[in-house]
Amino acid sequence: MRRGGERRVCLLTGAGGVLGDTFCRGLYTDYDIIAVCRHRTPAAPSQLEWFVDPFEPEMPVPENDSRIFVIKADLAEAGAVERVVDIALARFGQIDLLVNNAAHRGFQPHGIVDGDAALDEFDPHFAVNVGVPLRLSARVAQRSWVHAADANRVRNRNIVNVSSISGSRVYPGGQALYAASKAALNHLTRHIAAEFEEFGIRANAIAPYGFPASVSTEQVVRAIIELDRGEMSGEVFTVGAEAEGGRHAVGADAHRPTSPFR
């Protein structure tokens, strides 16, 4: 078990998706990453593989020193969140950054009243997009953060929830349930920030305009890192908001200073 190392420990969900894969490939030498994925694993060195130089098989290989730690789990299943948090803390002894990136996304092109399609999608959308970030935030706090206020502030520990611009805008294409779940995640983020401030934990959300079509995935990753390094809390920031005339803060935070993300 590793304790108090120089590198920050990041618990990342949705690690097998586009954003998670980019995060792991770009940052596995900078962070100790616990990469949580349901099926596909990120394309970065992990404990599931071992690298050997065929010309000098006895010599150390740098990739073996910076491997991500993969945990396969369906976080919507009962007990899965608790298992992930317990494994992460047993392996690293701490969590400095929690990135809630796992998401369920199902559109109903013919709208809410098209049979039962939208009604059937309510539970999975809210279970994954709202329930999982809530449960992970609560369990990490209960098991590690709530009695470590001084260490939390020294380590600048925080939560970044990956939301969507759909959480504050109405778009066509049957996005009602997805958008509603992201709107709920935005407001949940503000409540987490308010409650967790007592023991030194920050919480923010990012709301990309859509990646990689409208915003590069690398830009979204940079936004997460900037939030991790910053001091902001209780806010929801758009990423790639130039299309809206440079307005960066969304929803209830629209009156706040603009986000530093570019």
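All values reported here derive from a predicted model rather than from experimental measurement.

Visitor: Is there a simple way to think about the overall build of the chain in this case?
Guide: Looking only at helices and strands, the chain has 6 helices and 7 strands in total. Written out in order from the N terminus, the α and β elements of the chain read β-α-β-β-α-β-α-α-β-α-β-α-β. Counting only residues that meet the buried cut, the chain has 51% of its 262 residues in that class. Residue pairs in contact within the chain that sit at least 24 positions apart in sequence constitute 66% of those at least 6 positions apart. When the accessible area of the chain is evaluated, it comes to approximately 12600 Å², of which 53% is carbon and sulfur surface.

Visitor: Sorry if this is basic, but what is going on with the pairing of strand S1 (residues 8–13) here?
Guide: Counting buried positions along S1 yields 6 of 6 residues, so the element is predominantly enclosed. In S1, alternate side chains face the same way, and those of Arg 8, Cys 10 and Leu 12 on one face and Val 9, Leu 11 and Thr 13 on the other are all buried. For the crossover that starts at S1, traverses helix H1 (residues 18–27) and ends in the parallel strand S2 (residues 31–37), the hand is right-handed. The sheet contact formed by S1 and strand S4 (residues 97–100) spans 3 bridges and is parallel. Bridge assignment links Leu 12 to a residue of S4, and that residue is Val 99.

Visitor: What is the right way to read the packing of aromatic side chains from this model?
Guide: How two aromatic rings sit relative to each other is set out by the distance from centre to centre and by the angle between their planes. Across all of its chains, the model carries 4 aromatic pairs by this definition. Note on Phe 23 and Tyr 31: the rings are 6.0 Å apart at their centroids and 50 degrees apart in plane angle, and the pair reads as tilted. On the basis of relative accessibility, which here comes to 0%, the residue Phe 23 falls in the buried class. On the basis of an interplanar angle of 25 degrees and a centroid distance of 4.6 Å, the ring pair of Phe 122 and Phe 126 is categorised as stacked. Taken together, the residues span about one helical turn, with Phe 122 and Phe 126 both in helix H3 (residues 117–145) at a distance of 4 residues. Take Phe 126: its relative accessible area is 22%, and that puts it in the partly exposed class. For Arg 91, the ring lying beneath its charged end belongs to Phe 92, and the centroid distance is 4.8 Å. Taking NZ or CZ as reference, Arg 105 lies 5.7 Å from the ring centre of Tyr 178, over its face.

Visitor: Explanation requested: the environment of Asp 96 in the structure shown.
Guide: When you line up the elements, Asp 96 lands in the loop between helix H2 (80–92) and S4. Through-space distance from the C-alpha of Asp 96 to that of Arg 7 is 9.5 Å; in sequence the pair is 89 residues apart. The contact partners of Asp 96, leaving out residues within four places of it in the chain, are Arg 7, Arg 8, Val 9, Arg 155, Asn 156, Arg 157 and Asn 158. A polar atom in the side chain of Asp 96 sits 2.7 Å from the side chain of Arg 155. Of note is the side chain of Asp 96, whose polar atom sits 2.8 Å from the side chain of Arg 157.

Visitor: Can you help me understand the sheet that holds S4 in this one?
Guide: Within a beta sheet, neighbouring strands are joined by backbone hydrogen bonds and run either parallel or antiparallel to one another. The parallel open sheet is built from 7 strands, whose spatial order is S3-S2-S1-S4-S5-S6-S7. Each edge of the open sheet carries a strand with a single partner, namely strand S3 (69–72) and strand S7 (236–239). Across the sheet, the mean angle from the axis of one strand to that of its neighbour is 20 degrees, orientation sign disregarded. Against the sheet, helix H6 (residues 217–229) contacts S1, S2, S4, strand S5 (158–162), strand S6 (202–208) and S7, and its axis sits at roughly 165 degrees relative to S6.

Visitor: How should I be thinking about the environment of Ile 71 in this particular structure?
Guide: Turning to its location among the elements, Ile 71 is positioned in strand S3. The spatial distance from the C-alpha of Ile 71 to the C-alpha of Thr 41 is 9.1 Å, given a sequence separation of 30 residues. The residues contacting Ile 71, other than those within four sequence positions of it, are Ile 34, Ala 35, Val 36, Cys 37, Arg 83, Val 84 and Ile 87.

Visitor: Whenever I open this one, the packing of H3 against helix H5 (residues 176–196) confuses me. Can you help?
Guide: Packed helices, taken two at a time, are described by the angle their axes make and the gap between the axes. Running from N to C, H3 and H5 cross one another at 15 degrees; their axes reach a closest spacing of 9 Å. When the axis of H3 is compared with that of H5, the two are roughly parallel. Crossing hand, H3 versus H5: right-handed. Contacts from Ala 118, Glu 121, Phe 122, His 125, Phe 126, Asn 129, Val 130, Pro 133, Leu 134, Ser 137, Ala 141 and Trp 145 of H3 reach H5 at Leu 177, Tyr 178, Ala 180, Ser 181, Lys 182, Ala 184, Leu 185, Leu 188, Ile 192 and Phe 196. Grouping the amino acids of the contact of H3 with H5 by side-chain chemistry returns 16 nonpolar, 4 polar and 2 charged.

Visitor: Help me understand the environment of Ala 102, please; the structure alone is not making it clear to me.
Guide: Turning to its location among the elements, Ala 102 is positioned in the loop between S4 and H3. With relative accessibility at 22%, the residue Ala 102 sits in the partly exposed group. Discounting residues that sit within four places of it in the chain, Ala 102 has contacts with Thr 13, Gly 14, Val 128 and Asn 129.

Visitor: Help me understand the pattern of salt bridges in this model?
Guide: As a working rule, side chains carrying opposite charge can pair if their charged atoms are close by. Within this structure, the stated rule accounts for 8 salt bridges. Measuring nitrogen to oxygen at the nearest pair gives 2.7 Å for the salt bridge that ties Asp 96 to Arg 155. Highlighted residues: Asp 96 in the loop between H2 and S4 and Arg 155 in helix H4 (residues 149–155), separated in sequence by 59 residues. By relative accessible area, which is 0% here, Asp 96 ends up buried.

Thresholds applied
Residues numbered from 1 in each chain as written. Predicted model: local features only at pLDDT ≥ 70, side-chain atom pairs only at ≥ 80, totals over all residues. Heavy atoms only, no water. Helix = DSSP H or I, 4+ residues; strand = E, 2+ residues; numbered from the N terminus. Buried < 20%, exposed > 50% of the residue type's maximum accessible area, 1.4 Å probe, protein only. Contact = heavy atoms within 4.5 Å. Areas by Shrake-Rupley, 256 points an atom, 1.4 Å probe, with all protein chains shown as cover. Right-handed = clockwise from strand over helix to strand, strands pointing away. Pairing = 2+ DSSP bridges. Phe/Tyr/Trp six-rings, centres within 6.5 Å; stacked < 30°, edge-to-face > 60°. Lys NZ or Arg CZ within 6 Å of the ring centre and 35° of its normal. Polar contact = N/O pair within 3.5 Å; in protein donor to acceptor, adjacent residues only side chain to side chain. Axes fitted to C-alpha atoms, helices over the stretch in contact; angles between N-to-C directions. Parallel < 35°, antiparallel > 145°, perpendicular 65-115°, else oblique. Left-handed = near helix turned anticlockwise from the far one by under 90°. Nonpolar A, V, L, I, M, F, W, Y, C, P; charged D, E, K, R; others polar. Salt bridge = Lys/Arg side-chain N within 4 Å of Asp/Glu carboxyl O.

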